[in-house]
Amino acid sequence: MTTTRRARRTVRSAALVAVAAAAALSLTACQSGGSGGSKDGAARPEQKVSGSAATGTGRTPADVRTETLAPSRTVTPAAPAAKTAAPAARTAAPVRTRTLADGSKAEVYRLGAEHYRAEIVSRGAVLATIETGRSDAGLDANDMFVVLTLGGDVHSWMGGGHTGPGTFKLAGGWTAEVTKVGELRYRAQILGNDGSVDATLEANQHDVGLDANGVYIVLSAGGVISAHE
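Counting restarts for each chain: residues are numbered from 1 in the order of the written sequence. In view of the model being predicted, local features appear only for residues whose pLDDT reaches at least 70, and side-chain atom pairs are presented and counted only at 80 or more, with totals across whole chains, interfaces and linings using the full set of residues. Excluding hydrogens and water, the side-chain figures rest on all heavy atoms present in the structure.

**Student:** What is the right way to look at the sheet that holds strand β2 (residues 96-99) in this model?
**Tutor:** Across a sheet, strands are paired by hydrogen bonds formed along the backbone, either parallel or antiparallel in direction. Taken together, four strands build an open sheet; the order of strands is β2-β3-β4-β5 and the sheet is antiparallel. Lying at the two open borders of the sheet, with one neighbouring strand each, are β2 and β5 (125-131). Each strand axis lies, on average, 25 degrees off the axis of its neighbour in the sheet, ignoring direction. Across seven bridges, strand β3 (residues 105-112) lies against strand β4 (residues 115-122) in antiparallel orientation. For Tyr109, the partnering residue across the bridge sits in β4 and is Arg117. DSSP-based pairing: two strands are paired if at least 2 bridges between them are found. Only DSSP runs of H or I with at least four residues qualify as helices, and only runs of E with at least two residues qualify as strands; both kinds are numbered from the N terminus onward. Fitting a line to C-alpha atoms yields each axis, with helices limited to the stretch in contact; the angle taken between N-to-C directions then spans 0 to 180 degrees.

Here it is in structure tokens:
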């Protein structure tokens, strides 16, 4: 009889251990589930990754002067030429001053890589401002034409304008096909000797300019185009 009672007690003890283990497992599952996997049950905040992008132009003023025009190159101004607006506050002295064809002067300021501003000055007053952005800049100032290049060079000449629409022979052997595409908006396709479109000038309410391998071209918002070597 003594042996039988001990066997029953052993069975009851094993059953109690199994129940306790099952309860412990259930409690652990409740504590670790439904809260994003954190120990205290709170969702972990999403981590944000930030960084900076490198920038650069990869082009020098020398490249601008000697490059070959790519087919269908479109030239549009970064900002309108403000003929009467006051210039932005000067932060440095001009990098160069050039005398223009009508006797006025162009004071050129460097704003950044391939980014220049030219102030047209006469008798101490600023008559006009042109500024490069992603392309050269141009201005028709009462039949004096001015081009400011991405390298900060200034070129000017008087006269020689053709009023579009139409097809015109330009200096340097270029041909320009000028079309009107809207109010104060003209487009000029610059054609090479083989008839290919080597560049496109788009004047949308303000003038544009181009250095075409040493031939300087201006297209005005009124459809006047002129070129000079």
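**Student:** Looking at this model, I keep getting lost on the nonpolar core. Mind explaining?
**Tutor:** Across soluble globular proteins, nonpolar side chains have a tendency to be buried as a group. Grouping buried Ala, Val, Leu, Ile, Met, Phe, Trp, Tyr and Cys residues that are joined through side-chain atoms within 4.5 Å yields what is termed a nonpolar core. Residue exposure (1.4 Å probe, protein chains only): buried if accessible area is under 20% of the type maximum, exposed if over 50%, otherwise partly exposed. Core analysis: the biggest nonpolar cluster contains 19 residues, and Leu170, Val178, Ile190, Leu201, Ile217, Leu219 and Ile225 have the highest contact counts within it. Elements supplying a minimum of two residues to this core: β11 (175-182), β12 (185-191), β13 (197-204), β14 (208-212), β15 (215-219) and β16 (224-228). Listed in part, the 14 residues of the second largest apolar core include Tyr116, Ile120, Ala128 and Met144.

**Student:** Looking at this model, I keep getting lost on the sheet that holds strand β8 (residues 154-158). Mind explaining?
**Tutor:** An order of β6-β7-β8 is seen for the three strands of this open sheet, with the pairing classed as antiparallel. Both outer strands of the open sheet, β6 (137-141) and β8, are each paired with one neighbouring strand and no more. Taking each pair of neighbouring strands and ignoring which way they run, the sheet shows an average axis angle of 15 degrees. Direction of pairing for strand β7 (residues 144-148) relative to β8: antiparallel, over a ladder of five bridges. When the bridges of β8 are listed, Val146 appears paired with Ser156.

**Student:** Before we go on, may I ask you to explain the packing of aromatic side chains in this structure?
**Tutor:** To describe a pair of aromatic rings, you give the distance between the ring centres and the angle between the ring planes. We call Phe, Tyr and Trp rings a pair once their centres come within 6.5 Å, taking the six-membered ring for Trp, and we label the pair stacked below 30 degrees between planes, edge-to-face above 60, and tilted otherwise. If you walk through the whole model with that rule in mind, you get one aromatic pair. Relative to Trp157, the ring of Phe145 has its centre 5.9 Å away and its plane inclined at 25 degrees; by these criteria the two rings are stacked. Of the two residues, Phe145 sits in strand β7 while Trp157 sits in strand β8, which places them 12 residues apart along the sequence. Note on accessibility: Phe145 and Trp157 belong to one class, buried. In this analysis the charged atom, NZ for Lys or CZ for Arg, is taken to sit over a ring once it is within 6 Å of the ring centre and within 35 degrees of the ring normal. In this structure, Arg117 packs its charged tip against the face of Tyr109, placed 5.1 Å from the ring centre.

**Student:** Looking at this model, I keep getting lost on the pattern of salt bridges. Mind explaining?
**Tutor:** Where charged atoms from two side chains of opposite charge approach closely, those side chains can pair. Every case where a carboxyl oxygen of Asp or Glu lies within 4 Å of a side-chain nitrogen of Lys or Arg is listed as a salt bridge. Evaluated as defined, the whole model comprises three salt bridges. A salt bridge links Arg117 to Glu119, with the nearest nitrogen and oxygen atoms 3.3 Å apart. Residues Arg117 and Glu119 agree in their burial class; the two are buried. When the shortest N-O distance is used, the salt bridge between Arg185 and Glu202 registers 3.0 Å. With Arg185 in strand β12 and Glu202 in strand β13, the pair connects residues that are 17 residues apart, well separated along the chain. Owing to a relative accessible area of 31%, Arg185 belongs among the partly exposed residues under this scheme. For Glu202, a relative accessible area of 9% corresponds to the buried category. One connected set of salt bridges, linked through shared partners, spans Arg185, Arg187 and Glu202.

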